[in-house]
Amino acid sequence: MVKVAIMGYGTIGSGVAEILEKNRAQLAKAAGQEVELKYVLDLRDFPGSPVEDKVVHDFQIIAQDPEVQVVVETMGGLNPSYPFVKECLLAGKHVATSNKALVAAYGTELLKIAREKQVNFLFEASVGGGIPIIRPMYRCLMGEEIQEITGILNGTTNYILTKMDREGASFESALKEAQELGYAERNPEADVEGYDTCRKIAILTAMATGKEVNYEDIATEGITKIQAVDFRYAEKLGASVKLFGSSRMNGDQVHAWVAPVMVGKAHPLYSVSDVFNGILVRGNMLGETMYYGSGAGKLPTASAVVADIVEAAQNLDQNVKLGWNGERLQIADPGTSCHRYFVRIAGEMAKKLPQVQDVFGVVEAVALEGQPEFAVLTEQMSQAQFAEKAETFDAACREAQEAGILKWIRAEL
């Protein structure tokens, strides 16, 4: 029998306990032996709950109990998650976590300890919630050279952008509704500024390259500047706006970024809406594959954690080869990343378009009735080239005492 301890009995931790009980027979069959919950570590007592008799308040009870072979970390954050997980690994216990912040910040060290102790540090639920993506990368795609990972990796931002797209809602009203429904936190900064997506694409990039990725090296832009009018333009272009986390590998050069992107209907991620997540992975032999599903939520995320418990139970005496080493991956200069650009420009299209074409070259122009502006879609160019052209155009506008570029968004149309 494999005995398990859960650290943190919140949304995900309680979901793990529920699955361990309800799917007991299925888990025993998959693991080859019974899987039993022994402890739940939390500050609270949960009287009358199914785990009332399993609750402990002292971490050392778990750390020092030789019967506990697998520890689940669902507390979130870095303190005390990091020291607790590290001590469990050093004590020879397997750890499964849903904590993306922990994996992004300390994954390299924790994976190294797990290898040395011949145990496993597993984190399927840290990216994509219930969507299988970590395990496919180290099992199903092990023969592939990964060339691109692009994903909608945050359900909160995707819900907000979907509301803006389908209902013409403002960012502020869509965010408020997301908070009322429990999709967004009271302080939504980590979601709407792209930080959550950044940590997830850092983990996936590390998995793909086998090297450590510092999420702070990844250029990150959130969705707070996206306006309802951007979706009106997108509709005329047969497109929508999504928040992408993306890494693209070309030999030794790796571009990684998080930003809103205007995507056309032919793009595989175009139809990923509401709180769902979608991840596109492109390999040099297989081509494109898509992973879609619930990127968060109690039972979907807990299901991914339980899958890690089963994998640990199947490999109690050995380390499963996954993750990355301590070599730091150098992220390419964002200026060398190539895109098309959707650009909104103040003024009448008939008067300004020739000037735009003089600077940006061939563009596709579109206007909205009643708007004192228009927009263009550029050809593909590097970010540095675009910045230079945008500055040239704005300088000419300033000289003529006219308004210039209002905003721009990357485009994949």
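The structure contained in this document is the topic of the report that follows. Residue numbers run consecutively from 1 along every chain, following the written order of its sequence. At least 70 in pLDDT is required for a residue's local features to be given in this predicted model, at least 80 for side-chain atom pairs to be given and counted, and no such filter applies to totals for whole chains, interfaces and linings, which use all residues. Hydrogens are left out, water is left out, and the side-chain values use all remaining heavy atoms of the structure.

Our next topic: the packing of aromatic side chains. Aromatic pairs are defined between Phe, Tyr and Trp rings, using the six-membered ring for Trp, whenever the two ring centres lie within 6.5 Å; interplanar angles under 30 degrees are classed as stacked, those over 60 as edge-to-face, and all others as tilted. Applying the stated rule across the entire model yields 13 aromatic pairs. Between the aromatic rings of Phe276 and Tyr292, the centroid separation amounts to 5.3 Å while the plane-to-plane angle is 20 degrees, which identifies the pairing as stacked. Of this pair, Phe276 sits in strand E11 (residues 276-283) while Tyr292 sits in strand E12 (residues 287-294), placing them 16 residues apart in sequence. Charges are assigned to positions over rings by a cutoff of 6 Å between ring centre and Lys NZ or Arg CZ, combined with an angular limit of 35 degrees from the ring normal. Cation over ring: Arg199 sits above Tyr215, and NZ or CZ is 4.2 Å from the ring centre. Residue placement shows Arg410 over the ring face of Trp257; its charged tip is 5.2 Å from the ring centre. Secondary structure elements follow DSSP: runs of H or I no shorter than four residues count as helices, runs of E no shorter than two count as strands, and numbering proceeds from the N terminus.

Looking now at the pairing of strand E13 (residues 338-346). For every residue, the accessible area (1.4 Å probe, protein chains only) is compared with the maximum for its type, and the residue is labelled buried under 20%, exposed over 50%, or partly exposed between those bounds. Most of E13 sits out of view: 8 of its 9 residues are buried. In this scheme, strands are said to pair when DSSP sees at least two bridges between them. Sheet topology note: the E13/strand E16 (residues 381-382) ladder contains 2 bridges and is antiparallel. For Cys338, the partnering residue across the bridge sits in E16 and is Ser382. Pairing between E13 and strand E17 (residues 405-412): 6 bridges, direction antiparallel. Paired with Arg340 across the bridge in E17 is Ala411. Sheet analysis places E13 next to strand E15 (residues 373-377), joined by 5 bridges and oriented antiparallel. The residue of E15 that forms the bridge with Phe342 is Leu377.

All right, on to the sheet that holds strand E1 (residues 2-7) then. Taken together, the 6 strands give an open sheet; going across it, the order is E3-E2-E1-E4-E5-E6, and neighbouring strands pair in parallel fashion. One side of each edge strand has no neighbouring strand; the edge strands of this open sheet are strand E3 (55-56) and strand E6 (121-122). Direction of pairing for E1 relative to strand E2 (residues 35-41): parallel, over a ladder of 6 bridges. Residue Val4 lies in a different strand from E2, and its bridge partner there is Leu37.

Our focus in this paragraph is the pairing of strand E9 (residues 239-250). Most of E9 is tucked away, with 10 of its 12 residues classed as buried. Bridge analysis of strand E7 (residues 146-152) against E9 gives 4 bridges, and the strand direction is antiparallel. By the bridge assignment for E9, Thr150 is matched with Ser246. The pairing of E9 with strand E10 (residues 253-264) spans 12 bridges and is antiparallel. Considered in E10, the bridge of Ser247 is made with Ala256. Here E9 hands over to E10 after 2 residues, with Gly251 in that stretch at a positive phi of 65 degrees.

What follows covers helix H11 (residues 228-236). Within H11 the residues assigned to the buried category are Val229, Asp230, Phe231, Tyr233 and Ala234. With its phi angle positive at about 65 degrees, Gly238 sits one or two positions after the end of H11.

Along helix H8 (residues 171-180), the residues that are buried comprise Phe171, Ala174, Leu175 and Ala178. For H8, the angular spread of buried residues about the axis comes to 100 degrees, placing them on one side. Across from the buried face of H8, at angles greater than 90 degrees, the exposed residues are Glu172, Lys176 and Glu180. Residues are treated as being in contact if the distance between any of their heavy atoms lies within 4.5 Å. Each element contacted by the buried residues of H8 is listed here: helix H7 (155-167) and helix H9 (189-192). One or two residues past the end of H8 sits Gly182, with phi positive at roughly 85 degrees. Each direction from the helix axis to a C-beta atom contributes to the arc, which is the arc of those directions.

Right, let's get into the environment of Ala387. Assignment of secondary structure puts Ala387 in helix H14 (residues 383-399). For the pair Ala387 and Gly335, spaced 52 residues apart in sequence, the C-alpha separation works out to 8.6 Å.

Turning our eyes to something else, we now look at the side chain of Thr197. Among the secondary structure elements, Thr197 is positioned in helix H10 (residues 195-209). Non-local contacts of Thr197, meaning those with residues more than four positions away in its chain, are made with Leu153, Asn154, Leu243, Phe244, Gly245 and Val258.

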